[in-house]
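# Structural overview
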Amino acid sequence: MLTLTADAVAAIRDLTSQPETPPNTGLRIASSSVDGPAGSLELSISGGPHPDDQILEAEGVRVYLEPTAASLLQDKTLDAEMLEDRPTFRIIRQTR
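Right, let's walk through the structure included here. Predicted model only: the values in this text are computed from it and were never measured.

### Considerations on the environment of Thr3
Mapped onto the fold, Thr3 is located in strand E1 (residues 3-4). By relative accessible area, which is 34% here, Thr3 ends up partly exposed. Once the C-alpha coordinates of Thr3 and Ile29 are considered, the two residues, 26 residues apart in sequence, prove to be 13 Å apart. Discounting residues that sit within four places of it in the chain, Thr3 has contacts with Lys76, Thr77, Leu78 and Gln94.

What follows is the structure, encoded as structure tokens:
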């Protein structure tokens, strides 16, 4: 299952804890719907999961994984860093 670094948790919390966001707001990761390279992913803020999404909760944040994305990310870690006051996410292979 996808894991999150502390930096990813902090970035997701910052993006989803705005006063105007619904309580179930989380980061949604889905396979790209546009014709692009195989394995392309789209990240977005979602007010809740879509019907078939897997839900990952970690340290008070939620990540919603579309089924294809969940399969692609099962052995990965989501990391984040701040660039120009905006989070940039990256996927890294889990180390065991």
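After that view of the structure, there is still more to cover.
### Quick word on the sheet that holds strand E4 (residues 54-58)
Taken together, the 4 strands give an open sheet; going across it, the order is E3-E2-E5-E4, and neighbouring strands pair in mixed fashion. What marks the edges here is a single partner per strand, and that holds for strand E3 (41-46) and E4. Across the sheet, the axes of successive neighbouring strands diverge by a mean angle of 25 degrees, strand direction being ignored. In the sheet, E4 pairs with strand E5 (residues 61-65) via 5 bridges, with the strands oriented antiparallel. Across the sheet, the residue bridging to Glu57 is Arg62, located in E5. Packing of helix H1 (residues 6-16) onto the sheet brings it into contact with strand E2 (26-31), E3, E4 and E5, and relative to E5 it is tilted by some 95 degrees.

### Brief notes about the sheet that holds strand E7 (residues 86-93)
If you walk across this open sheet you meet the 3 strands as E1-E6-E7, and the pairing is mixed. Unpaired on one side and paired on the other, E1 and E7 mark the two borders of the sheet. Note: E1 against strand E6 (residues 76-83), 2 bridges, orientation parallel. When the sheet's bridge partners are listed, Thr3 is paired in E6 with Thr77.

### Side note on the side chain of Thr77
When you line up the elements, Thr77 lands in strand E6. Assessed through its relative accessible area of 11%, Thr77 is described here as buried. If sequence neighbours within four positions are ignored, Thr77 has contacts with Leu2, Thr3, Leu4, Thr5, Arg90, Ile91, Ile92 and Gln94.

### Some details on the pattern of salt bridges
The final tally for this structure, using the stated rule, is 4 salt bridges. A salt bridge links Asp75 to Arg93, with the shortest nitrogen-to-oxygen separation between them at 3.5 Å. One end of the pair, Asp75, is in the loop between helix H2 (67-72) and E6; the other, Arg93, is in strand E7, and 18 residues separate them in sequence. A relative accessible area of 30% means that Asp75 is categorised as partly exposed. In this structure, Asp79 engages Arg90 in a salt bridge whose closest nitrogen and oxygen atoms are separated by 3.2 Å. With a gap of 11 residues between them, Asp79 in strand E6 and Arg90 in strand E7 connect regions that are remote in the sequence. Using a relative accessible area of 11% as the deciding quantity, one classes Asp79 as buried. Residues participating in the shared-partner salt-bridge network are Asp75, Lys76 and Arg93.

Cut-offs and rules
- Residues numbered from 1 in each chain as written.
- Predicted model: local features only at pLDDT ≥ 70, side-chain atom pairs only at ≥ 80, totals over all residues.
- Heavy atoms only, no water.
- Helix = DSSP H or I, 4+ residues; strand = E, 2+ residues; numbered from the N terminus.
- Buried < 20%, exposed > 50% of the residue type's maximum accessible area, 1.4 Å probe, protein only.
- Contact = heavy atoms within 4.5 Å.
- Pairing = 2+ DSSP bridges.
- Axes fitted to C-alpha atoms, helices over the stretch in contact; angles between N-to-C directions.
- Salt bridge = Lys/Arg side-chain N within 4 Å of Asp/Glu carboxyl O.

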